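Geometric and topological summary
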Amino acid sequence: MTAPLHSIPGSAQALAASTPPTSDTAEAVARARTVNEVLAQSQVETVINELDRDLVGLAPVKQRIRDIAALLVIDKLRLNLGLQSASGATAPSLHMSFTGNPGTGKTTVAMRMAEILHRLGYVRKGHLVAVTRDDLVGQYIGHTAPKTKEVLKKSMGGVLFIDEAYYLYRPENERDYGQEAIEILLQVMENQRDDLVVILAGYKDRMDTFFQSNPGMSSRIAHHLDFPDYAQGELLEIADRMLATMNYRFGPDTRDTFSEYLGLRLQHPHFANARSVRNALDRARLRQASRLFADGDRVLTESDLSTLTSSDIRGSRLFQPKN
């Protein structure tokens, strides 16, 4: 299964890696002596190229993913030659922090990262388990540890993605049980880092505060990736791709109208990048459906059913006169 563009998994949802490598692949990677041999056997470059193709923009993030992949490939070659660290650790620390506003592709990139790690043999399964605070923290004494341990059990051999991770820590509430979940996570992140990679995600300013308040967690995060907001032109390209996956298209002048809509929407608070684009297109489809439904006797063509018009976009409240 490949990740849909800008997909946002629900709570505690496990997502499998696509086309998992076989044991023969793992053995071939373990025998590799050159970078090209590792790339050819693992097909990691295919995953990275898919990330470039499937996600609009995000140039700094894509470069960091390539850098991390390069580190892992070189580390694999070192391991193949017995060049372990002085501590005897067999794998580098790979826990990560993804910061940025909603809808910037953090979950999708995490899925690809899980696949890269799996192909290179750093995790056994390559699946992604996406959770929030509610999946980890209980509401009464004795409830948090079992919940957290159950999520960790499901995540072993893959990647645990904790969205809005800063909500785990609520110092203003002395009866909060989030600290218990953090302590369990810290222990597993340190002692079982060869079988689990944890990615913490959320708004950058809140994540910075979270790390300042939890130095133990901060010290275990090896890679920090900041996801920039999309520019208006990139959002328009995302809209084109989303419509194509739904078998819709913009009619004449409709794309320009949607670009105008984006300019207005960007001026309002709580904009969620690709997520807001998807929501806007869903509302436009509702208006199209109502428009076609009202003309009950007309035979509807393929073009009628798959084309959004400017009126479907201009029905948004953003275009309505202000009182």
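Up top is the structure.
Bear in mind the structure is a predicted one, so any value in this text is a computation, not a measurement. (Residues numbered from 1 in each chain as written. Predicted model: local features only at pLDDT ≥ 70, side-chain atom pairs only at ≥ 80, totals over all residues. Heavy atoms only, no water.)

Quick word on the overall build of the protein
What the protein contains, in helices and strands, is 15 helices and 8 strands. Residue burial in the protein is summarised as follows: out of 323 residues, 48% are buried. (Helix = DSSP H or I, 4+ residues; strand = E, 2+ residues; numbered from the N terminus. Buried < 20%, exposed > 50% of the residue type's maximum accessible area, 1.4 Å probe, protein only.)

Regarding the side chain of Ser155
By the element assignment, Ser155 lies in helix α7 (residues 144-155). Residue Ser155 is classed as buried on the basis of its relative accessible area, which comes to 0%. Residues within four places of Ser155 in sequence aside, it is in contact with His127, Val129, Leu160 and Leu196. (Contact = heavy atoms within 4.5 Å.)

Let's talk about the packing of aromatic side chains
The full count for this structure, using the stated rule, is 5 aromatic pairs. When the centroid spacing of 5.7 Å and the interplanar angle of 55° are considered together, the rings of Phe210 and Phe211 count as tilted. Seen in terms of ring centroids, Phe258 and Tyr261 are 5.5 Å apart; in terms of plane orientation they differ by 25°. Their pairing is stacked. One end of the pair, Phe258, and the other, Tyr261, are both in helix α12 (residues 254-265), 3 residues apart, so they sit about a helical turn from each other. Pair check on accessibility: Phe258 and Tyr261 agree, each one buried. Members of the aromatic cluster, connected to one another through ring pairs, are Phe250, Phe258 and Tyr261. (Phe/Tyr/Trp six-rings, centres within 6.5 Å; stacked < 30°, edge-to-face > 60°.)

Considerations on the side chain of Thr99
When you line up the elements, Thr99 lands in strand β2 (residues 96-100). Here Asp226 takes part through its side chain, which lies 3.1 Å from a polar atom of the side chain of Thr99. (Polar contact = N/O pair within 3.5 Å; in protein donor to acceptor, adjacent residues only side chain to side chain.)

Considerations on helix α5 (residues 106-119)
A rise of 1.5 Å per residue sets the reference length of α5, with its 14 residues, at 20 Å; its end C-alpha atoms lie 20 Å apart and thus fit the reference within 8%. In terms of burial, α5 is largely enclosed, as 14 of its 14 residues are buried. Downstream of α5 by a residue or two, Gly121 has a phi angle that is positive, lying close to 85°. (Expected span 1.5 Å × (residues − 1).)

Quick look at the packing of helix α3 (residues 44-54) against α5
Between α3 and α5, whose axes approach to 9 Å, the crossing angle comes to 170°. In terms of axis orientation, α3 runs roughly antiparallel to α5. Touching Val44, Val47, Ile48, Glu50, Leu51 and Asp54 of α3 are Val109, Arg112, Glu115, Ile116 and Arg119, all from α5. Grouping the constituent residues of the contact of α3 with α5 by class yields 6 nonpolar, no polar and 5 charged. (Axes fitted to C-alpha atoms, helices over the stretch in contact; angles between N-to-C directions. Parallel < 35°, antiparallel > 145°, perpendicular 65-115°, else oblique. Nonpolar A, V, L, I, M, F, W, Y, C, P; charged D, E, K, R; others polar.)

Take it as geometry only, folks, not as evidence of what the structure does.
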